[in-house]
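Structure at a glance
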2 protein chains.
Amino acid sequence: MFEFELIKQSTTTKARRGRLRTPHGVIETPVFMPVGTQASVKAMTTQELADIGAMIILSNTYHLHVRPGSDLIKAAGGLHRFMNWSGPILTDSGGFQVFSLAGQRKITEEGVTFQSHLDGRRIFMGPEEAIAIQHNLGSDIMMVFDECTPIPAEHEYVRQSVDRTTRWAKRCKEAHDRPEKQALFGIIQGGLYPDLRQRSASALIELDFPGYAIGGLSVGETKQEMLSALDYIPDLLPVDKPRYLMGVGTPDDLVDGVLRGVDMFDCVAPTRIARHGLAWTSQGDVSIKQSRYERDFTPLDPACGCDTCQHYTKAYLRHLFKAGEILSARLMTLHNLHYMLEIMRQLRQAIEQDVTSEWARDYFANRRATIK
Amino acid sequence: MFEFELIKQSTTTKARRGRLRTPHGVIETPVFMPVGTQASVKAMTTQELADIGAMIILSNTYHLHVRPGSDLIKAAGGLHRFMNWSGPILTDSGGFQVFSLAGQRKITEEGVTFQSHLDGRRIFMGPEEAIAIQHNLGSDIMMVFDECTPIPAEHEYVRQSVDRTTRWAKRCKEAHDRPEKQALFGIIQGGLYPDLRQRSASALIELDFPGYAIGGLSVGETKQEMLSALDYIPDLLPVDKPRYLMGVGTPDDLVDGVLRGVDMFDCVAPTRIARHGLAWTSQGDVSIKQSRYERDFTPLDPACGCDTCQHYTKAYLRHLFKAGEILSARLMTLHNLHYMLEIMRQLRQAIEQDVTSEWARDYFANRRATIK
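Computed from a predicted structure; not experimentally measured. (Residues numbered from 1 in each chain as written. Chains lettered and ligands numbered in written order. Predicted model: local features only at pLDDT ≥ 70, side-chain atom pairs only at ≥ 80, totals over all residues.)

**Some details on the overall build of chain A**
Across its full length, chain A carries 15 helices and 16 strands. A compact globule built from 372 residues should have a C-alpha radius of gyration of about 21 Å, and chain A, at 20 Å, falls within 12% of that. Projecting the C-alpha coordinates of chain A onto the three principal axes gives extents of approximately 60 × 50 × 40 Å. Classification of the 372 residues of chain A by burial places 54% in the buried group. (Helix = DSSP H or I, 4+ residues; strand = E, 2+ residues; numbered from the N terminus. Rg over C-alpha atoms; globule rule 2.2 N^0.38 Å. Buried ≥ 20, exposed ≤ 12 C-beta atoms within 10 Å, placed from the backbone.)

The following block contains the structure:
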C-alpha cells in the first residue's frame with residue numbers, strides 16, 4: 001500500500017507522471033485535489049466529483065475537529081462513509097488553520113493552545129492530537145502537525161520553527177501506529193530561506209516518510225518568489241516519493257508546479273471564486289456578473305465538455321448569479337473544478353507523450369492571448 | 001394539443017386520474033409542479049428534477065419580468081431553452097405577486113401600476129402585458145391576469161374584484177393569438193364567498209378556457225376554511241377540463257385536494273422548508289438542526305428511495321446544515337421534492353386501482369401516528 005510508481009519523466013522539464021496506490025483507490029499524478037473543508041466540497045455532491053474525474057479530495061482536520069468533532073465522524077464509520085466519498089482522502093494536520101484561522105494562540109514545545117474560530121473555546125492541539133484526530137477521520141493520507149511560518153519572517157524565527165516542526169514530525173510518526181492503512185506525509189517548511197528548506201528536507205527525509213509536502217508557500221509571497229522557491233525545493237526531495245505542494249493554486253500555478261516536479265496540489269480557489277461568479281476558461285477569465293454577458297447566449301467556455309458548458313449560457317449563469325440562486329454556485333463550481341481537472345488530465349497525457357514543454361508553451365501562449 | 005383525457009374517476013371520492021398533452025410532453029394528473037420562481041427550482045438542476053419524476057414545473061411571470069426581463073428570455077429562445085428544461089412549463093400571470101410582493105400599487109380598470117420589489121421602479125401590468133410576457137416566455141400553460149383578493153375581505157370588494165378579474169380574463173383571451181402553442185387557463189376567485197365563487201366560475205366557463213385554476217386560497221384562511229371551499233369549488237368547474245389549485249401546499253393539502261377533485265398543484269413549501277432544514281418524511285417531520293440527530297446515522301426517511309436517503313445520514317445532513325454548506329440545501333430539497341412527487345405517484349396509482357379512500361385513510365393514519 002502507498003507504493004508510488006514513477007511511470008514517466010519528462011526529458012525536457014522536471015515534470016513526472018506517477019501513480020500512488022491507496023486503500024481507497026489509485027491516484028494518477030500529477031493530480032489536483034478538490035477541497036472539502038467541512039466534509040463537503042462546497043456546492044458539489046461526491047457523485048459529481050467522481051463524474052468530473054476527481055481522484056482524491058482533501059478535507060481539513062482543524063475544521064472537522066471543531067465541528068462536528070472527529071469522534072462523531074469515527075462513530076459514523078470514518079470520513080469516507082460520513083460524506084459518501086469512496087475514493088482516497090487526504091487530510092491536512094490542522095497546523096495551517098491553527099496558525100491562520102484560530103484566535104489567540106500560544107505555542108509551546110508540546111503544541112498549540114488556541115481558540116476555536118467558531119465559539120472561542122480553548123483547544124489544545126499537538127502532534128499526538130493531530131494524529132489521533134486523523135486516525136478518527138480515517139483519511140488515506142495524513143499530514144504531520146507543523147507550523148506554517150508567515151512570509152516575511154526572521155531567519156532565526158524560521159530556523160527555530162523548522163526544528164520544532166521536525167521534532168513534531170518525529171512525534172507524529174511515533175504516534176502513528178497504522179502505516180499500512182493511512183500514509184503519513186512530512187511537510188517541508190523554511191519559508192524563502194534555501195538553507196532552511198534544505199535543513200527541513202534533510203531532517204524529514206531522515207525520518208523516512210512515504211511522501212513529502214512543500215508547506216509555507218502561497219502565504220503572501222509574490223508569484224516570482226514562489227516560482228524561485230519551487231525551482232529548487234522539489235530537488236531536495238526523494239525522486240521516488242510523491243511531492244505535494246500545499247494550498248496551490250491557480251491553473252497557471254499548477255502548470256508551473258508540474259514543470260518543476262510537483263505531483264499533488266490542492267486549493268480552495270476554483271470553488272471559492274466560482275461562488276463569487278468567476279470562471280476560468282480556455283478563453284480567459286469570465287466574471288459572470290459583467291453586463292457584457294447579459295445577452296451572451298454562448299457557453300462559459302466553448303471548448304469545455306462539462307455539464308455547465310454543455311447545457312447553459314453565460315446569460316443564464318449571469319441571471320442566476322444576479323438573482324442569488326444556489327444553482328449559480330453549483331454550475332460555476334462544477335465548471336471550475338472540471339477545468340482544473342482537465343488541465344491535469346492534459347498534463348498527464350503530455351508527460352506520457354513527452355511533449356510537456358510544447359504543451360506548456362501552448363498553454364501559456366493561450367493564456368497571454370486571453371488576458372483581458 | 002392541450003387535450004385533457006380523464007382516464008379514471010374514483011368511485012368513492014372525487015379524485016380523478018387524467019392526462020394533459022402539451023407541446024413539451026404529457027402530464028399525468030394529479031400532479032405536483034415544483035416552483036422555479038426565477039427560472040431555477042432553488043438548489044436543483046433540471047436534470048435532477050427529471051430524475052425524480054417532475055413532469056411539469058412552474059415559473060413566475062412577475063419575477064422574470066423584473067429580472068432578467070422576458071425579452072431577454074425570448075432572445076434566449078424561450079424559457080425552456082434559457083433554463084434547460086425540456087418538459088412542460090406553467091407560468092402564473094404575475095397577478096399574485098403584483099398584489100403580494102410589489103410596493104405601492106394602483107389598480108384601475110386597465111391594470112395595475114406597481115413598484116418593483118427589487119429596485120422600486122414603476123411598472124404597469126394589465127391583461128395584455130401579462131399575456132405578452134408569457135408569450136415571450138413561451139410557457140406551455142399560461143394564466144390569466146387576475147386580482148387575488150385577501151382573506152378576509154368585504155363581500156362588495158370581492159364582488160367588484162371578481163367582475164374585474166372576469167373582464168381581465170376576457171381581455172387576456174383576446175390578446176392570446178396562439179392557443180395551439182400555449183394554453184391559457186382561467187382563474188376562479190371569490191374568496192370564501194360561495195356565491196362569488198359561483199359567479200366567477202360561471203363567467204369564466206362562458207369564456208371557455210382549456211383549464212381552470214382555483215385562486216385566492218392559501219392566502220391566510222384556516223385549513224378548515226380552505227377545505228370547506230374545496231368541498232364545493234371543484235364541482236363548479238367542467239368535469240372535462242384540468243383543475244389547478246394555485247399555491248397549495250403541504251403533502252396533507254395535496255391529498256385533501258386530490259380527494260376533492262383537484263388535478264394540479266404548485267407550492268414553494270418543499271423547497272423553502274428544505275433550505276430551513278425541515279424535511280417531510282413517512283415518519284413525520286424532521287427538523288434536521290435538532291440535537292437529537294447529532295449521532296443519528298440513519299437516513300432522513302428509511303422508506304425513501306431518493307439519493308439523499310440512499311447515501312446520507314441525518315448526522316451528516318445536520319452537520320451540513322449547521323456548517324451552512326450549500327449541499328445541505330441541495331440534499332434536503334431533493335428529498336422533499338421527491339417525497340411530494342412520490343405521494344402524487346402513489347395517489348395516481350390508487351385512483352387507477354380505485355383504492356383512493358383506502359390509500360388516504362392509511363396516509364392520514366400514518367400522519368397522525370408520526371406527529372410529534
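**Some words on the nonpolar core**
Formed by 220 residues in total, the largest nonpolar core has its most connected members in Met33 and Phe185 of chain A together with Met33 and Phe185 of chain B. Examining the composition of this core, we find that 15 residues originate from one element, helix 14 (residues 326–352) of chain B, more than from any other. In this view, Phe185 of chain A contacts Ile141, Met143, Val144, Phe209, Pro210, Gly211, Tyr212, Ala213 and Tyr244 of chain A; residues no more than four positions away in its chain are not counted. (Core = buried A, V, L, I, M, F, W, Y, C linked by C-beta atoms within 7 Å. Contact = placed C-beta atoms within 7 Å.)

**Some thoughts on unusual backbone geometry**
With omega at 0°, the peptide bond leading from Ile151 of chain A into Pro152 of chain A counts as cis. You can see Pro152 of chain A is positioned in the loop between strand 10 (141–143) and helix 7 (155–175). The backbone of Ala43 of chain B sits at a positive phi, close to 80°, despite the residue not being glycine. Checked against the element boundaries, Ala43 of chain B lands in the loop between strand 4 (31–33) and helix 1 (46–51). Ala43 of chain B gets classed as buried once you count the C-beta atoms within 10 Å, which come to 25. Positive phi is not limited to glycine here, since Asp354 of chain B has a value of about 55°. Relative to the helices and strands, Asp354 of chain B is located in the loop between helix 14 and helix 15 (356–370).

**Considering the sheet that holds strand 8 (residues 112–115) of chain B**
Residue and element names in this part refer to chain B. The strand order across the open sheet built from 3 strands is 7-8-9, with neighbouring strands paired in antiparallel fashion. The sheet terminates laterally at strand 7 (106–107) and strand 9 (122–125), the two strands that pair on one side only. Here 4 bridges tie strand 8 to strand 9, and the two strands are oriented antiparallel to one another. Pairing of Thr113 across the sheet is with Phe124, part of strand 9. (Pairing = 2+ DSSP bridges.)

**Some words on the interface of chain A and chain B**
Each partner contributes residues to the interface: chain A has 29 residues there, and chain B has 29 residues. Here the element with the most residues in the side of chain A that touches chain B is helix 13 (residues 314–322) of chain A; it accounts for 5 residues. Along the lines of polarity and charge, the residues of the side of chain A that touches chain B split into 17 nonpolar, 7 polar and 5 charged. (Nonpolar A, V, L, I, M, F, W, Y, C, P; charged D, E, K, R; others polar.)

**Structural notes on the sheet that holds strand 8 (residues 112–115) of chain A**
All names here are of chain A. Strand order in the open sheet formed by 3 strands is 7-8-9, with antiparallel pairing between adjacent strands. The sheet terminates laterally at strand 7 (106–107) and strand 9 (122–125), the two strands that pair on one side only. Bridge count for strand 7 against strand 8 is 2 bridges, and the pairing is antiparallel. What sits directly across from Ile107, in strand 8, is Val112.

**Examining the pairing of strand 8 of chain B**
All names here are of chain B. With burial as the criterion, only one face of strand 8 is covered, namely that bearing Val112 and Phe114; the residues Thr113 and Gln115 on the opposite face remain uncovered. Hairpin remark: strand 7 followed by strand 8, antiparallel, with 4 residues in the connecting loop. Where strand 8 folds back onto strand 9 in an antiparallel hairpin, the turn is made up of 6 residues, including Gly120, whose phi is positive at roughly 80°.

**With respect to helix 13 of chain A**
Structural remark: α-helix, 3.6 residues per turn; residues separated by three or four positions point the same way. Counting buried positions over the 9 residues of helix 13 of chain A gives 8, a clear majority of the element. Regarding helix 13 of chain A, the residues found buried are Lys314, Ala315, Tyr316, Leu317, Arg318, His319, Leu320 and Phe321 of chain A. Against helix 14 (326–352) of chain A together with helix 3 (70–75) and helix 4 (79–83) of chain B lie the buried residues of helix 13 of chain A. Taken from the residues just after helix 13 of chain A, Gly324 of chain A is the one with a positive phi, measuring 70°.

**Here's the deal with the confidence of the model for chain A**
For chain A, per-residue confidence averages 96 on the pLDDT scale, and residues scoring 70 or more make up 100% of the total. Scored by ipTM, the complex comes to 0.97, with pTM at 0.97. (pLDDT = per-residue confidence, 0-100.)

**Details of the packing of helix 10 (residues 251–259) of chain A against helix 14 of chain A**
All names here are of chain A. Packing of helix 10 against helix 14 brings their axes to within 10 Å, and their N-to-C directions diverge by 25°. Comparing their axes, helix 14 and helix 10 come out roughly parallel. Handedness of the crossing formed by helix 10 with helix 14: right-handed. Across from Pro251, Leu254, Val255 and Val258 in helix 10, the residues of helix 14 making contact are Tyr339, Met340, Ile343, Met344 and Leu347. By residue class, the composition of the contact of helix 10 with helix 14 is 9 nonpolar, no polar and no charged. (Axes fitted to C-alpha atoms, helices over the stretch in contact; angles between N-to-C directions. Parallel < 35°, antiparallel > 145°, perpendicular 65-115°, else oblique. Left-handed = near helix turned anticlockwise from the far one by under 90°.)

**Side note on the packing of helix 6 (residues 127–137) of chain A against helix 7 of chain A**
Residue and element names in this part refer to chain A. Between helix 6 and helix 7, the shortest axis-to-axis distance is 8 Å and the interhelical angle comes to 40°. Classified by the angle between their axes, helix 6 and helix 7 sit oblique to one another. The two elements helix 6 and helix 7 cross, and the hand of that crossing is right-handed. When helix 6 is examined against helix 7, the residues Pro127, Glu128, Ala130 and Ile131 are found in contact with a partner set consisting of Trp168, Arg171, Cys172 and Ala175. Tallied by class, the residues present in the contact of helix 6 with helix 7 amount to 6 nonpolar, no polar and 2 charged.

**Here's the deal with the relation of the copies chain A and chain B**
The two chain copies are connected by a rotation around an axis plus a translation along it. With an axial shift of 0.0 Å and an RMSD of 0.0 Å, the rotation relating chain A to chain B amounts to 180°. Both copies are brought into coincidence by an operation consistent with a two-fold rotation axis. Among all C-alpha atoms of chain A, that of Ile326 of chain A lies closest to the rotation axis, at 3.7 Å. Mapped onto chain B, 100% of the interface residues of chain A again fall at the interface, so both copies present the same surface. (Least-squares fit on C-alpha atoms with pLDDT ≥ 70 in both.)

**Here's the deal with the domain arrangement of chain A**
By a widely used convention, the size of an interface equals the accessible area lost when the partners come together. Residue and element names in this part refer to chain A. Under the domain assignment used here, chain A contains domain 1 (4–267) and domain 2 (276–372). The straight-line distance from the C-alpha centre of domain 1 to that of domain 2 is 27 Å. Contact with domain 1, which involves 26 residues of that partner, is made by 24 residues of domain 2. Those elements giving two or more residues to the side of domain 1 that touches domain 2 turn out to be strand 2 (16–22), strand 4 (31–33) and helix 10. Broken down by element, the side of domain 1 that touches domain 2 gets its largest block of residues, 6 residues, from helix 10. Among the residues making up the side of domain 1 that touches domain 2, the classes are represented as 14 nonpolar, 5 polar and 7 charged. (Domains from an automatic or database assignment.)

**Some points on helix 10 of chain A**
With respect to burial, helix 10 of chain A is a largely interior element, 8 of its 9 residues being buried. When we look at burial in helix 10 of chain A, the residues that qualify are Pro251, Asp253, Leu254, Val255, Asp256, Gly257, Val258 and Leu259 of chain A.

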